[in-house]
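A look at the structure
Each chain, written out:
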Amino acid sequence: VLPVFDCRLICNLRRTHMFDFFKKRKVGAQDATHARTDVEQPVDHDSLVAQADALVSRIESAEGKDKAALLDKRGELLAKAGEADTAIAAFEQSIATHLQMGKAYRGLTSLYNMKRREAAEAGDDAAMKLYFDKLQDLMQSSKDMFRGK
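Here the structure is a predicted model, which means the values were calculated and not measured.

**Some thoughts on the overall build of the protein chain**
- Secondary structure assignment for the protein chain yields eight helices and zero strands.
- Along the protein chain, from the amino end to the carboxyl end, the secondary structure elements read α-α-α-α-α-α-α-α.
- Scored against the burial criterion, the 149 residues of the protein chain give a buried share of 25%.
- Once local pairs closer than 6 in sequence are excluded, the contacts in the protein chain between residues at least 24 apart make up 49%.
- About 11300 Å² of surface is accessible on the protein chain, with carbon and sulfur atoms providing 55% of the total.

Next comes the structure, spelled out in structure tokens:
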């Protein structure tokens with residue numbers, strides 16, 4: 001005995017759910033509230049640097065994962081402020097403190113690529129090689145971490 005289905009129910013399900021996967025979503029008023037607003041706001045360099053500097057005393061007294069999280073936050077603030085070299089130092093210290101994938105790896109990847117691109121535009125082969133090698137070391141470190149080495 002085969003089950004009897006209501007054809008209207010199946011047709012309705014097809015219309016509403018089956019083919020929605022491939023449709024592009026329209027950004028409406030509801031989705032606009034979830035949109036990123038940090039891109040639209042101007043960056044206040046001095047405020048971001050002051051926030052990053054305020055973390056220094058907490059970083060010095062913290063240990064392990066807490067210290068790495070504070071260093072990640074400091075690196076993010078400095079990167080947002082445009083202080084790439086200081087942000088790189090904070091992210092590198094975070095990885096040295098507690099080896100884990102996350103904000104420090106993403107931040108360093110982005111900053112190393114930016115510095116390598118700037119060096120390429122300036123024609124500085126030594127700096128290009130330096131940041132390329134740093135990227136390679138970072139990628140190898142992440143591979144080793146995934147492999148459990």
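**What about a positive patch on the surface?**
- Together, Lys 73, Lys 80, Lys 103 and Arg 106 give the surface a local cluster of positive charge.
- Every element with two or more residues in the positive patch is listed here: helix 5 (64-81) and helix 7 (103-122).
- By the secondary structure assignment, Arg 106 is in helix 7.

**Considerations on the packing of helix 3 (residues 45-54) against helix 5**
- Where helix 3 meets helix 5, the closest approach of the two axes is 9 Å, and the angle between their N-to-C directions is 165 degrees. As the angle between them shows, helix 3 and helix 5 are arranged roughly antiparallel. The two elements helix 3 and helix 5 cross, and the hand of that crossing is left-handed. Contacts between helix 3 and helix 5 pair His 45, Leu 48, Val 49, Gln 51, Ala 52 and Asp 53 from the former with Arg 74, Leu 77, Leu 78, Lys 80 and Ala 81 from the latter.
- When the residues that make up the contact of helix 3 with helix 5 are grouped by side-chain class, the tally is six nonpolar, two polar and three charged.

**Regarding the pattern of salt bridges**
- Across all of its chains, the model carries four salt bridges by this definition.
- A salt bridge links Glu 92 to Lys 134; its shortest N-O distance comes to 3.2 Å. Placement of the pair is Glu 92 in helix 6 (residues 84-97) and Lys 134 in helix 8 (residues 125-147), with a sequence separation of 42 residues.

**Points about the packing of aromatic side chains**
- As enumerated under the stated definition, the model contains one aromatic pair in all.
- Taken together, a centroid distance of 6.0 Å and an interplanar angle of 45 degrees make the contact between Tyr 112 and Tyr 131 tilted. Separated by 19 residues along the polypeptide, Tyr 112 in helix 7 and Tyr 131 in helix 8 bring together distant segments of the chain.
- Overall, the relative accessible area of 4% leaves Tyr 112 in the buried class.

**Some points on the packing of helix 5 against helix 6**
- The interhelical angle for the contact between helix 5 and helix 6, taken along N-to-C directions, is 165 degrees, at an axis separation of 8 Å. Overall, the two elements helix 5 and helix 6 adopt an arrangement that is roughly antiparallel. Every pair of crossing elements has a handedness; the one defined by helix 5 and helix 6 is left-handed. Facing helix 5, whose interface residues are Gly 64, Lys 67, Ala 68, Leu 71, Asp 72, Arg 74, Gly 75, Glu 76, Leu 78 and Ala 79, helix 6 presents Thr 86, Ala 87, Ala 90, Phe 91, Gln 93, Ser 94 and Thr 97.
- Classifying every residue of the contact of helix 5 with helix 6 gives seven nonpolar, six polar and four charged.

About the thresholds
Residues numbered from 1 in each chain as written. Predicted model: local features only at pLDDT ≥ 70, side-chain atom pairs only at ≥ 80, totals over all residues. Heavy atoms only, no water. Helix = DSSP H or I, 4+ residues; strand = E, 2+ residues; numbered from the N terminus. Buried < 20%, exposed > 50% of the residue type's maximum accessible area, 1.4 Å probe, protein only. Contact = heavy atoms within 4.5 Å. Areas by Shrake-Rupley, 256 points an atom, 1.4 Å probe, with all protein chains shown as cover. Patch = residues over 30% accessible without salt bridge, like charges linked within 9 Å, V, L, I, M, F, W, Y side chains within 5 Å. Salt bridge = Lys/Arg side-chain N within 4 Å of Asp/Glu carboxyl O. Lys, Arg positive; Asp, Glu negative; His and termini not counted. Charge placed at Lys NZ, Arg CZ, Asp CG, Glu CD. Axes fitted to C-alpha atoms, helices over the stretch in contact; angles between N-to-C directions. Parallel < 35°, antiparallel > 145°, perpendicular 65-115°, else oblique. Left-handed = near helix turned anticlockwise from the far one by under 90°. Nonpolar A, V, L, I, M, F, W, Y, C, P; charged D, E, K, R; others polar. Phe/Tyr/Trp six-rings, centres within 6.5 Å; stacked < 30°, edge-to-face > 60°.

Nothing here speaks to function; it is all geometry.
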